[in-house]
Amino acid sequence: MSVLRQLMLTATLALGIGVAAAAPAVFAPDGVAIRGYDPVAYFTESKPVKGSDAHTADWNGARWKFATAANRASFIADPQKYAPQYGGYCAYGTAKGHLAPTQPAAWAVVDGKLYLNYDERVRSRWKQDVPGYKAEADAVFGQLLSGPVEGE
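Within any chain, residue numbers begin from 1 and follow the written order of that chain's sequence. In keeping with the predicted nature of the model, local features appear solely for residues at pLDDT of at least 70, side-chain atom pairs appear and are counted solely at 80 or more, and the whole-chain, interface and lining totals rest on all residues. Side-chain metrics rest on all non-hydrogen atoms present in the structure, leaving aside hydrogens and water.

**Considering the packing of aromatic side chains**
A pair of Phe, Tyr and Trp rings is counted when the ring centres sit within 6.5 Å of each other, with Trp represented by its six-membered ring. The angle between the planes then sorts it: under 30 degrees is stacked, over 60 is edge-to-face, the rest tilted. The tally for this structure, following the rule as stated, stands at 12 aromatic pairs. Ring centres 5.7 Å apart and planes at 50° place the aromatic pair Phe27 and Tyr89 in the tilted group. Of this pair, Phe27 sits in the loop between helix H1 (3-15) and helix H2 (41-44) while Tyr89 is found in the loop between helix H4 (79-82) and helix H5 (91-95), placing the two residues 62 residues apart along the sequence. In terms of burial, Phe27 and Tyr89 fall into one category: buried. One aromatic cluster is present, formed by Phe27, Tyr86, Tyr89, Tyr115, Trp126 and Phe141 through successive ring pairs. For the purposes of this entry, the term helix denotes a DSSP run of H or I that reaches at least four residues, the term strand denotes a run of E that reaches at least two, and both are numbered from the N terminus. Buried residues are those whose accessible area, probed at 1.4 Å on protein chains only, stays under 20% of the maximum for their type, while exposed residues exceed 50% and partly exposed ones sit between those limits.

Have a look at this one:
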């Protein structure tokens, strides 16, 4: 650690300034992505399907659950294809500059990508300008990961 960094850390601690932890790359309450729902099922069954403890995989700092062994195999072969955009954080919230939790029922597959939202009301708002909100979220998501996540 550099001397300057040590001085900054010491000053921060001495002044009682809190240091915000960086947000995890994947929204995963209790370490489980999509609240235990199967990401592949959104594509194959066009609906949220609860995953099973019998079919799991660890990827990108989270545990992912799947309804079937075949879905697990598909995900392992190409996780970027099935994992929700913006780490599973709310697509609308990300576009508006903050990371927010999501609900598995508030989803959309657009151009072959899975997007989740805070709830179905927010999803309806996001769907009013998907290209615009996607562009906004794409521009800021990486920066948002260095900050805190909104409370659940």
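**Considering the pattern of salt bridges**
We define a salt bridge as a contact between a side-chain nitrogen of Lys or Arg and a carboxyl oxygen of Asp or Glu at a distance within 4 Å. Here the structure, examined in full by the defined rule, presents five salt bridges. Across the pair Asp58 and Arg63 runs a salt bridge, and its minimum N-O distance is 2.7 Å. The exposure class assigned to Arg63 is partly exposed, which follows from its relative accessible area of 35%. A salt bridge links Lys134 to Asp111, with the shortest nitrogen-to-oxygen separation between them at 3.5 Å. Residue Lys134 is found in helix H7 (residues 130-144), and its partner Asp111 is found in the loop between strand E3 (103-110) and strand E4 (113-117); the two are separated by 23 residues along the sequence. Look at Lys134 and you get buried, because its relative accessible area is 17%.

**Comments concerning the confidence of the model for the protein chain**
Low pLDDT marks regions whose predicted coordinates should not be analysed in detail. The predicted model of the protein chain averages 87 in pLDDT, with 82% of residues at 70 or higher. pLDDT gives the predictor's per-residue confidence on a scale running from 0 to 100. We call two residues in contact when some of their heavy atoms are within 4.5 Å. In this model, residues 1-20 is a region of pLDDT below 50 whose contacts with residues beyond four sequence positions or in other chains number five contacts.

**A look at the pairing of E3**
The rule for pairing is simple: two strands pair if DSSP sees at least two bridges between them. Note: E3 against E4, five bridges, orientation antiparallel. Pairing of Ala108 across the sheet is with Tyr115, part of E4.

**A few points about unusual backbone geometry**
Although it is not a glycine, Asp30 sits at a positive phi angle of roughly 60°. Its location among the elements puts Asp30 in the loop between H1 and H2. In this structure Asp30 comes out as exposed when scored by relative accessible area, which is 81%.

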